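# Remarks on the overall topology
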Amino acid sequence: MDRNRAEEKLVGIRESDGVPHLSLDIGGTLIKMVYFSSNSSESIDNRVNSSLKDKMSTSSGNLHYGIRNGGLHFTKFETSKISDCIEFISSKQLQHYGDRYYAAPTNDKNIIKATGGGAFKFADLFREKLGVTLDKVDEMDCLVTGSNFLLKAMHHEAFTYIDGQKEFVQIDHKDLYPYLLVNIGSGVSMIKVESDTKFERVSGTSVGGGTFLGLGKLLTNCKSFDELLELSRQGNNRVIDMLVGEIYGGNDYTKIGLASTAIASSFGKPISENKELEDYKAEDVARSLLRMISNNIGQIAYLNALHFGLKRIIFGGFFIRGHAYTMDTISVAVNFWSKGEAKAMFLRHEGFLGALGAFLSYKESGFPDVAHQLLEGFPQNSYCTED
Ligand SMILES: Nc1ncnc2c1ncn2[C@@H]1O[C@H](COP(=O)(O)OP(=O)(O)O)[C@@H](O)[C@H]1O
Ligand SMILES: CC(C)(COP(=O)(O)O)[C@@H](O)C(=O)NCCC(=O)O
């Protein structure tokens, strides 16, 4: 970076410890936001009106860390309601929380790190409504940076989920690479990560979280992801899925390792039943859909891990949402073929990898190490609340 420009940026830092920061990951379904607010800006926090607070927290998944002199917040909005996000930023005056480039024309002074497709799509909107320039950071770079950071810095971050048991895994820094990062957002990206800086997107699938939500809305009339997920908890996929035993007269197909209870064909049962969609319970449909998509992603991930000789598969993205059935299905899919050779792992901050990566990228622009300092403040000195 040009030295003069870097110096101009440094002028923008107001306090060394409580410097507020904001980064955005604007995806196909959700906008993820990471921001720091110092205690002195608590009064600003309280300025957010209650209807806006409702919009932020209509579903869980938001995290708030109290650290040092303030708090680190992980918040999300629906991309389709970007005006809520803009209103939120404006009400908290967060647009001043990025870099400041004093030499720039008035509308370009505030620079916020942003990743995801929306950093391109909504750049003009942010400039027009907030006077903010979105400094675009590559989405894959951010996912990898966020994931590497969490795996190295956080004690209780990665865990396995087997037979309903969550077990945290502390990965030795020297033994972290290589691994397969599978980010399940609207679509799915699979990235072979070989070092802090070396990675490659090796695969992906368009059957992801957006498919679950989109198809789920059409099939069940659910209005939200949380509603759909809750419905799936109460459902029974066997009402919709065709099982091996139903094809094999109640028997296992032992020779190829398929139990009679294994799914032979997702959504296969309606083929032979003279029923309409309305005749099936929405709960059962939601359950089968979640199972089908999670299983498919787990299998594709396993095949990639096998192809590239990777032993660890780290799953991130907001689709997972710490949901037991999702994680269990993915783990079973990976384990069915790999027999423990490749391990499926999940992350506690699963949905915020990109936004964290963007937050950390302030460092690369000649900005001092504030982003890292803030993040290093947790988890040791932090308390976390979830809503
Ligand atoms: N509150 C929510 N609203 C909408 N989708 C959600 C929510 N929580 C989890 N999801 C799931 O997460 C997916 C989006 O994941 P995310 O990682 O944010 O991807 P993107 O970057 O494409 O928006 C959705 O398609 C949906 O399946
Ligand atoms: C295009 C994307 C990188 C965008 O990221 P997202 O907003 O879904 O998180 C992602 O949707 C994706 O990787 N889709 C899968 C495309 C494919 O490999 O077929």
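Residues numbered from 1 in each chain as written. Chains lettered and ligands numbered in written order. Predicted model: local features only at pLDDT ≥ 70, side-chain atom pairs only at ≥ 80, totals over all residues.

## Quick look at the overall build of the chain
Of regular secondary structure, the chain possesses 14 helices and 17 strands. Across the 387 residues that make up the chain, the buried fraction comes to 41%. Considering only contacts in the chain between residues 6 or more positions apart, those separated by 24 or more positions represent 69%. (Helix = DSSP H or I, 4+ residues; strand = E, 2+ residues; numbered from the N terminus. Buried ≥ 20, exposed ≤ 12 C-beta atoms within 10 Å, placed from the backbone. Contact = placed C-beta atoms within 7 Å.)

## Quick notes on the site of ligand 1
Neighbouring ligand 1 are 21 residues, the closest being G27, G185, S186, G209 and F318. Contributing elements (two or more residues each) for the shell around ligand 1: α8 (209-220) and α9 (225-234). If one sorts the elements of the shell around ligand 1 by residue count, α8 sits on top with 4 residues. The residue makeup of the shell around ligand 1, split by class, is 6 nonpolar, 12 polar and 3 charged. When residues of the shell around ligand 1 are sorted by domain, at least three fall in each of domain 1 (3-140 + 352-386) and domain 2 (158-237 + 281-347). (Near = placed C-beta within 6 Å. Nonpolar A, V, L, I, M, F, W, Y, C, P; charged D, E, K, R; others polar. Domains from an automatic or database assignment.)

## Points about the site of ligand 2
Taken together, 13 residues sit near ligand 2, with G27, G185, S186, G187 and G204 positioned nearest. Counting only elements with at least two residues in the shell around ligand 2, the list comes to β11 (188-193) and β12 (199-205). In terms of residue class, the shell around ligand 2 is built from 1 nonpolar, 11 polar and 1 charged. Both domain 1 (3-140 + 352-386) and domain 2 (158-237 + 281-347) contribute no fewer than three residues apiece to the shell around ligand 2.

## Here we look at the packing of α9 against helix α11 (residues 282-308)
The geometry of α9 relative to α11 is characterised by a closest axis approach of 7 Å and an angle of 100° between their N-to-C directions. When the axes of α9 and α11 are compared, the pair comes out roughly perpendicular. Residues L228, L231, S232 and Q234 of α9 pack against A282, E283, A286, R287 and L290 of α11. For the contact of α9 with α11, the per-class residue count stands at 5 nonpolar, 2 polar and 2 charged. (Axes fitted to C-alpha atoms, helices over the stretch in contact; angles between N-to-C directions. Parallel < 35°, antiparallel > 145°, perpendicular 65-115°, else oblique.)

## Brief notes about the nonpolar core
Residues V182, I313 and F315 are the most contacted members of the largest nonpolar core, which totals 88 residues. By residue number, the principal contributor to this core is α11, which donates 11 residues. Residues lining this core come from more than one domain, with at least three contributed by each of domain 1 (3-140 + 352-386) and domain 2 (158-237 + 281-347). Filtering out sequence-adjacent residues up to four positions away, I313 remains in contact with L180, V182, A301, A305, V334, A342, K343, A344 and M345. (Core = buried A, V, L, I, M, F, W, Y, C linked by C-beta atoms within 7 Å.)

## A closer look at the sheet that holds β12
Strand order in this open sheet of 7 strands is β9-β8-β16-β15-β10-β11-β12, and the pairing throughout is mixed. Bordering the open sheet on either side are β9 (165-168) and β12, each of which pairs with just one other strand. Here the strands of the sheet are splayed against their neighbours by 30° on average, with no regard to which way each runs. As paired elements, strand β8 (residues 158-162) and strand β16 (residues 343-347) share 2 bridges and run antiparallel to each other. Bridged to F159 within β16 is F346. (Pairing = 2+ DSSP bridges.)

## Topic: the domain arrangement of the chain
Looking at the chain, the domain boundaries give domain 1 (3-140 + 352-386), domain 2 (158-237 + 281-347) and domain 3 (241-279). Computed from C-alpha coordinates alone, the two centres of domain 2 and domain 3 are separated by 23 Å. Facing 5 residues of domain 2, the contacting portion of domain 3 comprises 4 residues. The element that contributes the greatest number of residues to the side of domain 2 that touches domain 3 is α11, accounting for 3 residues. Taken together, the residues of the side of domain 2 that touches domain 3 break down into 2 nonpolar, 2 polar and 1 charged.

## Some words on α9
Among all positions of α9, only F225, L228, L229, L231 and S232 are buried. End-on view of α9: buried residues confined to an arc of 160°, all on one side of the axis. Of the surrounding elements, those touching the buried residues of α9 are α8, α11 and α12 (324-338). (Arc of directions from axis to C-beta.)

## Quick word on the environment of L347
Counting through the fold element by element, L347 comes out in strand β16. Once the C-alpha coordinates of L347 and H156 are considered, the two residues, 191 residues apart in sequence, prove to be 8.8 Å apart.

## Description of the pairing of strand β10 (residues 179-184)
Most of β10 sits out of view: 6 of its 6 residues are buried. The alternating pattern of β10 places Y179, L181 and N183 on one face and L180, V182 and I184 on the opposite face, and all of these are buried. Both β10 and β11 contribute to a ladder of 6 bridges, which runs antiparallel. Considered in β11, the bridge of V182 is made with M190. Counting the residues between successive antiparallel strands, the hairpin from β10 to β11 contains 3 residues. Of the pairings in the sheet, the one linking β10 to strand β15 (residues 312-316) comprises 4 bridges and is parallel in character. Residue N183 lies in a different strand from β15, and its bridge partner there is G316.

## Quick notes on the packing of helix α4 (residues 82-92) against helix α6 (residues 123-130)
Where α4 contacts α6, the two axes come as close as 11 Å, and the packing angle between them is 40°. As judged from the angle between their axes, α4 and α6 are oblique. Two packed elements cross with a definite hand, and for α4 against α6 that hand is right-handed. Across the interface between the two elements, I82, I86, I89 and S90 from α4 touch L125, K129 and L130 from α6. (Left-handed = near helix turned anticlockwise from the far one by under 90°.)

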